[in-house]
Amino acid sequence: MAICCACITSHDLHQLLESYVQVPIIQVMLGQLGIINSQQMFSLWRYVVVGSTVVAAVLTPSTDPFTQALLAIPLVGLYMGGAAAVRLIEQSKARTAQA
C-alpha cells in the first residue's frame, strides 16, 4: 500500500513553506527570553538535518533526492542563520555589559 502525497494540496505546501521563514524569528525570540542559547542551538544541528530531511521526504511528491534536498536545505539554512543571529545578539549583549 503506497502513501499518496496527493492529499497534500499546493495551498498546504505553500503554508508550510511560509512557516519555514518564521524559524529564525522563533529562535531569536527564544534566545531573547533566555530559554535557549546559541550554543544549544548549534549543538542540535544534526537533529535539524535529519528532521528536515524526513519532512522533505514526506512532503515531496516525487522520490528523487534532488527535490527532497530542494526542500530540506533551505530549512537547515534558516535554522543555522537563526542560531547565528542569536549568537550575534549574545555577543553584542556581552560587549555592552562589559562597557
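Everything here concerns the structure above.
Residues numbered from 1 in each chain as written. Predicted model: local features only at pLDDT ≥ 70, side-chain atom pairs only at ≥ 80, totals over all residues. Heavy atoms only, no water.

Q: Which residues make up the overall build of the protein chain, and what are the values?
A: Broken down by element type, the protein chain carries 5 helices and 0 strands. Listing each helix as α and each strand as β along the protein chain from the N terminus yields α-α-α-α-α. When the 99 residues of the protein chain are sorted by exposure, 19% land in the buried category. Of the contacts made within the protein chain by residues no fewer than 6 positions apart, 76% connect residues no fewer than 24 positions apart. As displayed, the protein chain has an accessible area near 6900 Å², and 70% of this comes from carbon and sulfur atoms. (Helix = DSSP H or I, 4+ residues; strand = E, 2+ residues; numbered from the N terminus. Buried < 20%, exposed > 50% of the residue type's maximum accessible area, 1.4 Å probe, protein only. Contact = heavy atoms within 4.5 Å. Areas by Shrake-Rupley, 256 points an atom, 1.4 Å probe, with all protein chains shown as cover.)

Q: Give a detailed account of the environment of alanine 72, specifying residues and quantitative values.
A: When you line up the elements, alanine 72 lands in helix α5 (residues 65-98). Separated by 20 residues in sequence, alanine 72 and serine 52 place their C-alpha atoms 5.1 Å apart. Once you skip the residues sitting within four places of it in the chain, alanine 72 turns out to touch Ser52, Thr53 and Ala56.

Q: Describe the side chain of serine 52, naming the residues involved and giving the relevant values.
A: For serine 52, the location among the structural elements is in helix α4 (residues 45-59). Residue class for serine 52 comes out buried when judged on its relative accessible area of 2%. Not counting residues up to four positions away in its chain, the partners in contact with serine 52 are Ala72, Leu75 and Val76.

Q: Describe the environment of valine 55, listing the residues and the values that go with them.
A: Note on placement: valine 55 falls in helix α4. On the accessibility criterion, valine 55 (32% relative accessible area) is partly exposed. Here the alpha-carbon distance between valine 55 and glutamine 68, two residues 13 residues apart in the chain, equals 8.8 Å.

Q: Tell me about a nonpolar patch on the surface, and please be specific about residues and values.
A: On the surface, a nonpolar cluster with roughly 390 Å² of combined accessible area is contributed by Ile26, Leu30, Leu33 and Ile35. The topology assignment puts leucine 33 in helix α2 (residues 23-33). Given the relative accessible area of 64%, leucine 33 is considered exposed. (Patch = residues over 30% accessible without salt bridge, like charges linked within 9 Å, V, L, I, M, F, W, Y side chains within 5 Å. Salt bridge = Lys/Arg side-chain N within 4 Å of Asp/Glu carboxyl O.)

Q: Give a description of the packing of α4 against α5 that names residues and reports values.
A: At a minimum axis separation of 8 Å, α4 and α5 run at an interaxial angle of 145 degrees. α4 and α5 meet at a crossing whose hand is right-handed. Taking contact as the criterion, the partners of Trp45, Val48, Val49, Ser52, Thr53, Ala56, Ala57 and Leu59 in α4 are, on α5, Gln68, Leu71, Ala72, Leu75, Val76, Tyr79 and Met80. Looking at the contact of α4 with α5 residue by residue, the class counts come to 12 nonpolar, 3 polar and no charged. (Axes fitted to C-alpha atoms, helices over the stretch in contact; angles between N-to-C directions. Left-handed = near helix turned anticlockwise from the far one by under 90°. Nonpolar A, V, L, I, M, F, W, Y, C, P; charged D, E, K, R; others polar.)

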